[in-house]
Amino acid sequence: MFKLSKKLQSLPPYLFLEIDKAKRIARAQGRDIIDLGIGDPDQPTPAHIIEKLYHAAQDPATHKYALGQGMPVLRGAIADWYHRRFGVGLNPENEVLPLIGSKEGIAHFPLAFLNQGDYSLVPDPCYPPYKGGTILAGGKPYLMPLRESNAFLPDFKKIPADIRKKAKLIFINYPNNPTSAVAGVDFFKSVVEFAKKNNLIVVSDLAYSETAYDGYSPQSLLEVDGAREVSIEFHSLSKIYNMTGWRAGWACGNAQLLAALAKVKSNIDSGIFSAIQFAAVAALEGPQQHLDSMCQLYQERRDVLAAGLRSLGWELTVPKATFYMWVKVPKKMGSIKFASVLLEKANIVATPGVGFGSYGEGYFRMALTVPKERIKEAIGRLKKIA
Ligand SMILES: Cc1ncc(COP(=O)(O)O)c(C=O)c1O
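Residues numbered from 1 in each chain as written. Predicted model: local features only at pLDDT ≥ 70, side-chain atom pairs only at ≥ 80, totals over all residues. Heavy atoms only, no water.

**Considering the site of the ligand**
Definition in use: One heavy atom within 4 Å of a molecule or strand is enough for the residue carrying it to be called near that molecule or strand. Polar contact is the term for a pair of N or O atoms within 3.5 Å; when the atoms are in protein, one must be able to donate a hydrogen and the other to accept it, and sequence-neighboring residues count only if both atoms are side-chain atoms. Accessible areas in this description were obtained via Shrake-Rupley with a 1.4 Å probe; residue shielding takes into account the shown protein chains only. Any residue that is not Ala, Val, Leu, Ile, Met, Phe, Trp, Tyr, Cys, Pro, Asp, Glu, Lys or Arg is counted as polar, Gly included; the first ten are nonpolar and the last four charged.
The full set close to the ligand counts 14 residues, and Asp205, Ser236, Ser238, Lys239 and Arg247 are the nearest of them. In this structure, Lys103 approaches the ligand through a main-chain N or O atom, which is 2.9 Å from an oxygen atom. Considered on its own, the ligand offers 400 Å² of accessible surface; in the complex 92% of this is hidden by protein. In the shell around the ligand, the residues fall into 4 nonpolar, 6 polar and 4 charged.

**Describing the sheet that holds strand β9 (residues 324-328)**
The criterion, for reference: Two strands qualify as a pair provided that DSSP identifies no fewer than 2 bridges between them. Numbering of helices and strands starts at the N terminus; helices are DSSP runs of H or I of at least 4 residues and strands are runs of E of at least 2.
The sheet built from 3 strands is open, its strands ordered β9-β12-β11 with antiparallel pairing. With one partner strand each, in any of the chains shown, β9 and β11 (351-352) form the two edges of the open sheet. Relative to strand β12 (residues 363-367), β11 runs antiparallel, the two sharing 2 bridges. Residue pairing in the sheet places Thr351 in a bridge with Arg365 of β12.

**A look at the pattern of salt bridges**
Let me state the cut-off plainly: The salt bridge criterion pairs a side-chain nitrogen of Lys or Arg with a carboxyl oxygen of Asp or Glu, the two atoms within 4 Å. For each residue, the accessible area found with a 1.4 Å probe, counting protein chains only, is set against the maximum for its type, and the residue is called buried under 20%, exposed over 50%, and partly exposed in between.
With the rule as written, the count across this model stands at 22 salt bridges. With a shortest N-O distance of 2.5 Å, Asp35 and Lys23 are connected by a salt bridge. Of the two residues, Asp35 is situated in strand β1 (residues 34-35) and Lys23 in helix α2 (residues 15-28); the sequence distance between them amounts to 12 residues. Residue Lys23 is classed as buried on the basis of its relative accessible area of 7%. Among the salt bridges present, the one from Asp155 reaches Lys158, with a minimum N-O distance of 3.5 Å. Taking relative accessible area as the criterion, Asp155 reaches 24% and is therefore assigned partly exposed. Owing to a relative accessible area of 63%, Lys158 belongs among the exposed residues under this scheme. Each of Asp20, Lys23, Arg24 and Asp35 takes part in one network of salt bridges that share partners.

By themselves, these figures tell us nothing about what the structure is for.
Written out as structure tokens, the structure is:
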């Protein structure tokens, strides 16, 4: 038998893979599963982006290694998009770094700055790679509880002085997965201030900035004065353009932080397929009308799901952004047990909150990535077992 490294042994199994396995077994048994588990948009990538990929892929020049730090035309398109969207000016030469999806960059970033035993300050519950990337880099995650009583924001005052000294990174993610909480400039200012006081690098994950409702428009950490001195922000085409499978994202912000991440990457990958880079330019620079209808669609689903769950007496906050609903487990049982009851008795997949961290216990997450009719069907099934 091969012995796994201690680092790998200390990583929990990747939550979504486990859920996927249970789902596949259920489907193989011929059951009609409603999947409200993983957050993967059900709508297609807009046609003009696919067209661009198709044409770009005909050119043999795109078939070669895409070495370097992303094509200048893509770095320029990202900088322009940031400027249009947030009013933040970025130098495409050294303040933008394309990634093979933002997960890749998020998970690799700790390798650039953590030494053995250094801490990352990680929200809990959270998107799993903040912890996983820290552990794989030899670091230790220090968990900052996200409690409903504090609007799912971390409370910096509760972080002990010795941990602050040994910490190098702090992760934040608003709009937040899994709680769907949002945060504005005031919170971002407090993060920057805290980071400067404690010599921390802020890692902001903005993957859900374009999935927002009721006229709400999420902001970038980089809008805050001085943020660029200490921060790197990760973003992605995945959720904006329904491109999760394409693997295209980026990091932007402080040039030194980006250069360090680029150095890590140069030892690990060989860039994004050039045809995808051209398609990403078409996405960022092309028509953006689909965004309104996309948000409208999620908003309608959100309203149906929220009303349905509330009619069962289940507790939740209606999300202003992201396509997730963070719901309190309505029975006296753990979230994993509850999720398995939903799968066994109602053929519904939901994600147990504890899978995002121990402070996620007591909740489960449902994604708005299935049609309204299926959500109504899910509510009907839940009524029968509630
Ligand atoms: C909070 C958050 N960040 C980043 C990502 C990764 O996005 P991608 O790697 O597709 O760019 C996800 C994906 O679900 C996410 O939920």
